[in-house]
Structure formats: C-alpha cells, structure tokens
Amino acid sequence: MFVWPIRPIKAIKWIFVEFLFPWGFLFIGLAIFSWNVLTPEIDSSGPPSLGFMGKIWLKNVLLLGVLAGSLHWWLYSRKRQGDTFKFSHRWLSKKSTRFLWSNQTYDNVFWSIVSGVTVWSLFEGITLWAWISGVSPQATWPAHREYIVALTFVFFFVSSSHFYLIHRLLHWKPLYRSVHELHHRNVNTGPWSGISMHPVEHLLFFSMFFVWWLVPVHPVVIILTGFFKGLGPAVTHSGFDRVLVGGRQIPTGDWFHDLHHRHFETNYGNIEAPFDWAMNTWHNGSNEAQRAMVARRKLQSGASEGKPS
Ligand SMILES: [Zn+2]
Ligand SMILES: [Zn+2]
C-alpha cells in the first residue's frame, strides 16, 4: 500500500483479498447482525440502564467465548493440527507462577472476561446510548450511505493508528512495568491472550470508541469497533499462522504481532499502518531485520550508559 510510485490496483486488491478476508468481512457482517438482532432496546430518556449494559456484556462474553473458546479447543485442547503452522514449538504454560492459578489459559480467560469484556461493553453501551440520544454526531442509513460504507473501511486504518499510539505509550517504562507487562507475560500466545490485559490497558485500548463521540458514525461501525478490537485479538494471538479445517487453510495468526511478543521493542503497530516502518521499529521476521534490531538495541544501551555510540 505504501510503495512509491503508487500501485492503486494492487493496494486495493491487498486490502480486500488479503487484509480484510475473511475476518474483517466476518466482523462487518456480525456487526450488522448484532445491531439489527442482538442489540437490546435503548431508552434515551435517561442514562443507560444497568439492564441494557448487562445485556451488551453478556452478548460480548458469549461471542468472545465462542470464538476464543473454539479456537482454543481446536488448536490447544484437541490439538487437531499438532504444531502445523504453529509459530512456536512451546505450548501454553500450565505451571508458571507468572500467571494466576499458575495456568496461562485460566489467567488469560480471567483478564479477558472480568476486565476486557467489561470495559469493551461499558464503552460500547455508552457510545450507542450517546448516538441514540443525539449526544454524539449521527450518520444515518440510507441518508449517509456512501459515507457509512467508506467509514467502515477507513475505520480499520484509523483503529490501527490509534493502536500504535496507545501501544507506544504503554511501552514507556513506568506504564510498561505497572500495566502493559501483564499482556507481555504471554511471550507465547494463545486465543485467550488477545485481550488479556491490565484494566488500565483496557481503558486505553478501547478508548477508540470515543472517536465516535466526535466523528459522525452509524451504530454498526460502533459495534464493529468492539468486534475488531475485542474479538480480533483472539484470532491474531491464536499462535498459529493458519487453522486447518476440513482440508482448508484459514488465515489466523499475526506473525508481525507475534514478533512483538518475542522481542518487545519492534512492531508496535499493525502492518496496515506504516508507523513502525517510519519509526524504524519494523521487523518482518528476516535475519536482516533481526540484525538491525540487535544493532539498534546495542546503540540504545550504549547511549543510556553514556558510552560513545
Ligand atoms: Zn499482543
Ligand atoms: Zn507491547
């Protein structure tokens, strides 16, 4: 997408065939279904009710449970494809004191549901309520059809840019040690590691919802925000590049982000946002990128010790 001279046909093909297919389209479809069928009635005459927020939380717990639960069951409980397409040869930890109950999966499920889905649902609920109440700017269907379709696709790039910025902030030492370290306990990730984060990280991670308090939006895009940020990481942290189902290969893992879990100081963003490339923290998994990262680290440690670099 970012090559010069620009290659628009190739870029558009990459966005639709490789980047959004299948998960992006699945989340868009699920958001349309969720808005029309699963979202409870919203009463705009007062503040959002506890019952309304509870139903949103339950819906999100069920969806994350089905997605992360079935990926975990297929890949880790049943080990249906062994370590074919697995990024690491190690399996999820069952006896490390780094994790609650010394079990990585139990720990990840706890943080994902108790804190992750709660913050996600709270932000989704109040943003939907603000839209219905007319507190936030509205784009309505079909009056603003073209705008909503364009926003649906632009959203993915805005969200990735937001992720880069908050993630870079989370690697600031005081925040890393007290907050982000919890997500990084998962050097080797599984589907439940996706949104296994400290509550403060959840507040920052899901703050993307508040963009919709300023930018005109349709509720489908509000719900899509939750799915891309809340469900997407279950897929990208699956630990497997592909899932084999009935002889078909379904793309799942995110090698780019997996390298971030291994090396910490590379790949703060996603491949669809060029920040890592611009900030010289890009690691594509090659030996050359590995050597560049090691050289960068030496330079940084030399500089911090006051040595000539
Ligand atoms: Zn991660
Ligand atoms: Zn990180």
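The following refers to the structure shown. The model shown is predicted, which means the values in this text are computed figures rather than measured ones.

1. What to know about the overall build of the protein
- Of the regular secondary structure elements, the protein holds 11 helices and 2 strands.
- Taken along its principal axes, the extent of the C-alpha atoms in the protein is 65 × 50 × 45 Å.
- Partitioning the intrachain contacts of the protein with sequence separation of at least 6 by distance along the chain shows that 69% fall at a separation of at least 24.

2. So, the packing of helix 3 (residues 50-77) against helix 8 (residues 219-236)
- Running from amino to carboxyl end, helix 3 crosses helix 8 at an angle of 25°, the nearest separation of the two axes being 9 Å. Classified by the interaxial angle, the pair formed by helix 3 and helix 8 is roughly parallel. As for how helix 3 packs across helix 8, the hand of that crossing is right-handed. In contact with Asn60, Leu63, Leu64, Leu67, Ala68 and Leu71 of helix 3, helix 8 contributes Gly226, Gly230, Leu231 and Ala234.
- Of the residues contributing to the contact of helix 3 with helix 8, the split by class is 7 nonpolar, 3 polar and no charged.

3. So, helix 2 (residues 23-38)
- For helix 2, with 16 residues, the first-to-last C-alpha span of 20 Å runs short of the 22 Å given by 1.5 Å per residue.
- The set of residues buried in helix 2 consists of Gly24, Phe27, Ile28, Ala31 and Ser34. The arc enclosing the buried residues of helix 2, seen along the axis, measures out at 125°, which places them on a common side. Within helix 2, the exposed residues directed more than 90 degrees away from the buried face are Phe25, Gly29, Asn36 and Val37.
- Where helix 2 is buried, its residues contact helix 1 (8-19), helix 5 (145-170) and helix 8.

4. Overview of the packing of helix 3 against helix 4 (residues 104-133)
- Interaxial distance between helix 3 and helix 4 falls to 9 Å at its minimum, and their mutual angle equals 140°. Considering their axes alone, helix 3 and helix 4 lie oblique with respect to each other. Two packed elements cross with a definite hand, and for helix 3 against helix 4 that hand is right-handed. Along its contact with helix 3, which presents Phe52, Met53, Ile56, Trp57, Asn60, Val61, Leu64 and His72, the element helix 4 presents Thr105, Ser112, Ile113, Val117, Thr118, Trp120, Ser121, Leu122, Glu124 and Gly125.
- Looking at the contact of helix 3 with helix 4 residue by residue, the class counts come to 10 nonpolar, 7 polar and 1 charged.

5. Some points on the nonpolar core
- Counting 46 residues, the largest nonpolar core has Ile222 and Leu224 as its most contacted members.
- Elements with a contribution of two residues or more to this core: helix 2, helix 3, helix 4, helix 5, helix 7 (199-205) and helix 8.
- In terms of residues, this core owes the most to one element, helix 4, which gives 11 residues.
- If near-sequence neighbours (up to four positions away) are discounted, Leu224 is found in contact with Phe27, Ile28, Ala31, Thr152 and Phe155.

Parameters and conventions
Residues numbered from 1 in each chain as written. Chains lettered and ligands numbered in written order. Predicted model: local features only at pLDDT ≥ 70, side-chain atom pairs only at ≥ 80, totals over all residues. Helix = DSSP H or I, 4+ residues; strand = E, 2+ residues; numbered from the N terminus. Contact = placed C-beta atoms within 7 Å. Axes fitted to C-alpha atoms, helices over the stretch in contact; angles between N-to-C directions. Parallel < 35°, antiparallel > 145°, perpendicular 65-115°, else oblique. Left-handed = near helix turned anticlockwise from the far one by under 90°. Nonpolar A, V, L, I, M, F, W, Y, C, P; charged D, E, K, R; others polar. Expected span 1.5 Å × (residues − 1). Buried ≥ 20, exposed ≤ 12 C-beta atoms within 10 Å, placed from the backbone. Arc of directions from axis to C-beta. Core = buried A, V, L, I, M, F, W, Y, C linked by C-beta atoms within 7 Å.

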